[in-house]
Amino acid sequence: MTKDLLDGEYAPSTDPATRDQVELYERTDGREGATMAGEPVVVLTMRGARSGRLRKVALMRIERDGVYAVGASAGGQARNPGWFHNLVAHPTVQLQDGPDRRLMTARVTEGAERDSRLAYADELYPFFAGLRARSIETGNREVPLVLLEPVRS
């Protein structure tokens, strides 16, 4: 297996499904564990906002022109998922898409850029609009959309 691009102590998820999927995905370079609800995923490694330990999560694959997007929908819950706070605190992340691993920089989108990326995400995953609507209903929360762009050398 390729050495991680982000170094540090790894703290596996306390959620068994997340932990098992990430482990399977990484072990097989994405040949297995590469879908969630029948849709493709990538694995994102980030530093914990408070602990600084490495955290990993599988998220829906939304890629266009080498830039990835992740929606912090938390399944339509009233609060942002924990991983969103990690990205804001430590925006340099590692993305694994199949066997390819690379460092990316995370940033929250706004305005026309956000609208364009959301329209694309909705084309790929029509259920995403429903999750955003549920987040507004349950918590009066707009779902953040985070772009992951290649780290510039």
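Residues numbered from 1 in each chain as written. Predicted model: local features only at pLDDT ≥ 70, side-chain atom pairs only at ≥ 80, totals over all residues. Heavy atoms only, no water.

Caption draft 1: Here's a closer look at the packing of helix α3 (residues 111-124) against helix α4 (residues 127-139). Direction vectors running N to C along α3 and α4 enclose 120°, while the axes themselves pass 6 Å from each other. Taken as axis vectors, α3 and α4 run oblique relative to one another. From α3, Leu118, Ala121 and Asp122 reach across to α4, where they touch Phe128, Ala129 and Arg132. Tallied by class, residues from the contact of α3 with α4 come to four nonpolar, no polar and two charged. (Axes fitted to C-alpha atoms, helices over the stretch in contact; angles between N-to-C directions. Helix = DSSP H or I, 4+ residues; strand = E, 2+ residues; numbered from the N terminus. Parallel < 35°, antiparallel > 145°, perpendicular 65-115°, else oblique. Contact = heavy atoms within 4.5 Å. Nonpolar A, V, L, I, M, F, W, Y, C, P; charged D, E, K, R; others polar.)

Caption draft 2: Structural view of helix α2 (residues 82-89). Buried within α2 are the following residues: Trp83, Phe84, Asn86 and Leu87. Each buried residue of α2 sits inside an arc of 160° when the element is viewed along its axis, so together they form one side. (Buried < 20%, exposed > 50% of the residue type's maximum accessible area, 1.4 Å probe, protein only. Arc of directions from axis to C-beta.)

Caption draft 3: Just the packing of aromatic side chains, in detail. Going through the model one piece at a time under the given rule, you end up with one aromatic pair. Between Tyr125 and Phe127, the ring centres sit 5.8 Å apart and the planes meet at 50°, which makes this aromatic pair tilted. Accessibility expressed as a relative area gives 4% for Tyr125, which makes it buried. Above the face of the Tyr10 ring, Lys56 is positioned so that its terminal group lies 4.5 Å from the ring centre. Taking NZ or CZ as reference, Arg64 lies 5.0 Å from the ring centre of Tyr120, over its face. (Phe/Tyr/Trp six-rings, centres within 6.5 Å; stacked < 30°, edge-to-face > 60°. Lys NZ or Arg CZ within 6 Å of the ring centre and 35° of its normal.)

Caption draft 4: Region of the structure containing helix α1 (residues 16-27). Along its 12 residues, α1 runs 16 Å from first to last C-alpha, staying within 8% of the 16 Å computed at 1.5 Å per residue. Buried within α1 we find Thr18, Gln21, Val22, Tyr25 and Glu26. Down the axis of α1, the sector holding all buried residues measures 125°, keeping them to one side. Exposed residues pointing more than 90 degrees away from the buried face of α1 are listed as Ala17 and Arg27. Along its buried surface, α1 packs onto β1 (35-36), β2 (39-47), β3 (54-60), β6 (92-97) and β7 (100-108). Within two residues after α1, Asp29 carries a phi angle of roughly 55°, on the positive side. (Expected span 1.5 Å × (residues − 1).)

Caption draft 5: Representation of the side chain of Asn86 in the model. Turning to its location among the elements, Asn86 is positioned in helix α2. Note on Asn86: relative accessible area 11%, which makes it buried. Beyond its immediate chain neighbours, meaning those up to four positions away, Asn86 contacts Met46, Arg47, Gly48, Ala49 and Arg55.

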